[in-house]
Amino acid sequence: MTNITREPELLLPLELGETDVLSFDYTDSLAAGETITSATVTVSVVEGTDPTPSALKVGAAQASTPYVLQKVSGGVRNTTYLCYSAAVTNAGRTLVVAGLLPVIKFGQP
């Protein structure tokens, strides 16, 4: 099995109390005809404090080739999360895309 890791990209901020869907794009990593058969998303804290970062996720990740979609909501103000998506393909490869998700309250530091 091949693991490919990319540098995390900066995702658009999530406003405190907002619900949104994160989209992890695997277009550049998939070979012709290759599809995503399953995916998992994990969440951890890289800056700030949140004792339960996995609570940011709402439900399970959805595979929709070439994307993995993860609904998120909540979070802790002034906390940045590492959202790590691992997709398994029909070719038996595991591909990884990660993003940094800041949670903010607009108009407040």
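Here the structure is a predicted model, which means the values were calculated and not measured.

Participant: I would appreciate a short explanation of the environment of S73 in the present structure.
Facilitator: Mapped onto the elements, S73 comes out in strand 7 (residues 67-73). Counting along the chain gives 35 residues from S73 to S38, while the straight-line C-alpha distance between them is 22 Å. Polar side-chain contacts of S73 include one of 2.8 Å to the side chain of T19.

Participant: Would you mind showing me how to read the pairing of strand 9 (residues 94-104) here?
Facilitator: Residues in a regular strand project their side chains so that they alternate between the two faces of the sheet. Of all 11 residues that make up strand 9, 9 are buried, and the element is covered over most of its length. Pairing of strand 2 (residues 9-10) with strand 9 involves 2 bridges; the strand directions are parallel. From the neighbouring strand, E9 faces strand 9, where its bridge partner is G99. Bridge count between strand 3 (residues 14-15) and strand 9: 2 bridges; the pairing is parallel.

Cut-offs applied
- Residues numbered from 1 in each chain as written.
- Predicted model: local features only at pLDDT ≥ 70, side-chain atom pairs only at ≥ 80, totals over all residues.
- Heavy atoms only, no water.
- Helix = DSSP H or I, 4+ residues; strand = E, 2+ residues; numbered from the N terminus.
- Polar contact = N/O pair within 3.5 Å; in protein donor to acceptor, adjacent residues only side chain to side chain.
- Buried < 20%, exposed > 50% of the residue type's maximum accessible area, 1.4 Å probe, protein only.
- Pairing = 2+ DSSP bridges.

Keep in mind these values describe shape, not function.
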